[in-house]
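Next come the chains, spelled out residue by residue.
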Amino acid sequence: MGTAAGTAFDTETLRRGIEGEDAATLLSLYTDDAEIRIIDRNTQPSHPKVLHGRHEIGDMLDDVYSRDMTHHLDQCVVQGDHVAFTESCRYADGVRVLANSMVSLRDGKIAEQILIQAWDE
């Protein structure tokens, strides 16, 4: 919770970004050259969707957080330069999404993220 000497991961910023549906706040947590690998039923482990850099990540965050749905940070664990968190979401029509992320940090910012997500069908 908070930061130490500007290098610790800011879990409260993560919570505010997710639950406040604020893509810009979330994007501030990423390094300029960050990479996200997304795995779900459409982009399976052998062929994940890979986003490179803040521009591509920002476009994805803008899309996700502009949808008619709610987001909640369920759990977040920080250990050294690694973070794991679970986010649960619900569309207005009741469809639920669950996403788990494993993150590697550089200087307190997200440098690499593996995002595994599943949703009601």
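To start, this report covers the structure provided alongside it. The residue count restarts for each chain, going from 1 along the sequence in the order it is written. Only residues with pLDDT of at least 70 get local features here, since the model is predicted, and only at 80 or more are side-chain atom pairs given and counted; chain-wide, interface and lining totals rely on the full set of residues. Side-chain descriptors were evaluated using all non-hydrogen atoms of the structure, hydrogens and water having been removed beforehand.

### Some points on the overall build of the protein chain
Line of reasoning, step 1. Helix and strand definitions follow DSSP, with helices as H or I runs of at least four residues and strands as E runs of at least two, each counted in order from the N terminus. Secondary structure assignment for the protein chain yields 3 helices and 6 strands.
Line of reasoning, step 2. With the principal axes as the frame, the protein chain shows a C-alpha extent of 45 × 30 × 25 Å.
Line of reasoning, step 3. With a 1.4 Å probe rolled over the protein chains alone, any residue whose accessible area is under 20% of its type maximum counts as buried; one over 50% counts as exposed, and the rest are partly exposed. Classification of the 121 residues of the protein chain by burial places 37% in the buried group.
Line of reasoning, step 4. Whether two residues are in contact is decided by their heavy atoms, any of which lying within 4.5 Å being enough. Residue pairs at least 24 apart in sequence account for 40% of intrachain contacts in the protein chain once pairs closer than 6 positions are excluded.
Line of reasoning, step 5. In this tally Asp and Glu are treated as negative and Lys and Arg as positive; neither His nor the chain ends contributes. Where a charge sits is defined by one atom per residue type, namely NZ (Lys), CZ (Arg), CG (Asp) or CD (Glu). Once the 11 positive and 22 negative side-chain charges of the protein chain are each reduced to a mean point, those two points are 2 Å apart.

### Describing the pattern of salt bridges
Opposite charge on two side chains lets them pair, provided their charged atoms get close.
Line of reasoning, step 1. Any carboxyl oxygen of Asp or Glu within 4 Å of a side-chain nitrogen of Lys or Arg constitutes a salt bridge here. Here the structure, examined in full by the defined rule, presents 5 salt bridges.
Line of reasoning, step 2. Salt-bridge contacts for arginine 106 lead to aspartate 33; the nearest nitrogen and oxygen are separated by 3.1 Å. Taken together, the residues span a long stretch of sequence, with arginine 106 in strand β5 (residues 96-106) and aspartate 33 in strand β1 (residues 30-39) at a distance of 73 residues.
Line of reasoning, step 3. Overall, the relative accessible area of 39% leaves arginine 106 in the partly exposed class.
Line of reasoning, step 4. Linking aspartate 63 and arginine 67 is a salt bridge whose minimum nitrogen-to-oxygen distance equals 2.6 Å.

### With respect to the state of the cysteines
Line of reasoning, step 1. Cysteine sulfurs are considered disulfide-paired once they come within 2.5 Å of each other. The full count for this structure, using the stated rule, is 0 disulfides.
Line of reasoning, step 2. Lacking any disulfide linkage, cysteine 76 is separated from the closest cysteine sulfur, that of cysteine 89, by 15 Å.
Line of reasoning, step 3. On the basis of relative accessibility, which here comes to 10%, the residue cysteine 89 falls in the buried class.

### Some details on unusual backbone geometry
Line of reasoning, step 1. A positive phi angle, close to 50 degrees, is found at glutamate 21, a residue other than glycine.
Line of reasoning, step 2. Relative to the helices and strands, glutamate 21 resides in the loop between α1 (11-19) and α2 (23-27).
Line of reasoning, step 3. Within the chain, aspartate 107 stands out as a residue other than glycine whose phi angle is a positive 55 degrees.
Line of reasoning, step 4. When you line up the elements, aspartate 107 lands in the loop between β5 and β6 (109-119).
Line of reasoning, step 5. Taking relative accessible area as the criterion, aspartate 107 reaches 62% and is therefore assigned exposed.

### A look at the sheet that holds β6
Line of reasoning, step 1. Paired strands are those between which DSSP finds at least two bridges. As summarised here, the arrangement of the 6 strands in space is β2-β1-β6-β5-β4-β3, forming an open sheet in which the pairing is mixed. Both edges of this open sheet fall to β2 (49-52) and β3 (69-79), since each of them pairs with a single strand only. Direction aside, neighbouring strands of the sheet carry axes that sit 15 degrees apart on average.
Line of reasoning, step 2. As paired elements, strand β4 (residues 82-91) and β5 share 9 bridges and run antiparallel to each other. Bridged to threonine 86 within β5 is asparagine 100.
Line of reasoning, step 3. Axis definition: a line fitted to C-alpha atoms, limited for helices to the stretch in contact. Angles are taken between N-to-C directions and run from 0 to 180 degrees. Along the sheet face, α1 touches β3 and β4 and points at about 165 degrees away from the line of β3.
Line of reasoning, step 4. In this fold helix α3 (residues 53-65) packs onto β1, β2, β3 and β4, with an angle of close to 55 degrees to the strand it touches most, β1.

### A few points about the pairing of β5
Line of reasoning, step 1. Side chains Val97, Ala99, Ser101, Val103 and Leu105 project from β5 onto a buried face, and the interleaved Arg96, Leu98, Asn100, Met102, Ser104 and Arg106 project onto a face without burial.
Line of reasoning, step 2. Connecting the antiparallel pair β4 and β5 is a turn made up of 4 residues, with glycine 94 showing a positive phi of about 100 degrees.
Line of reasoning, step 3. Examined bridge by bridge, β5 and β6 share 10 bridges and lie antiparallel to one another. If you follow valine 97 over to β6, its bridge partner there is tryptophan 119.

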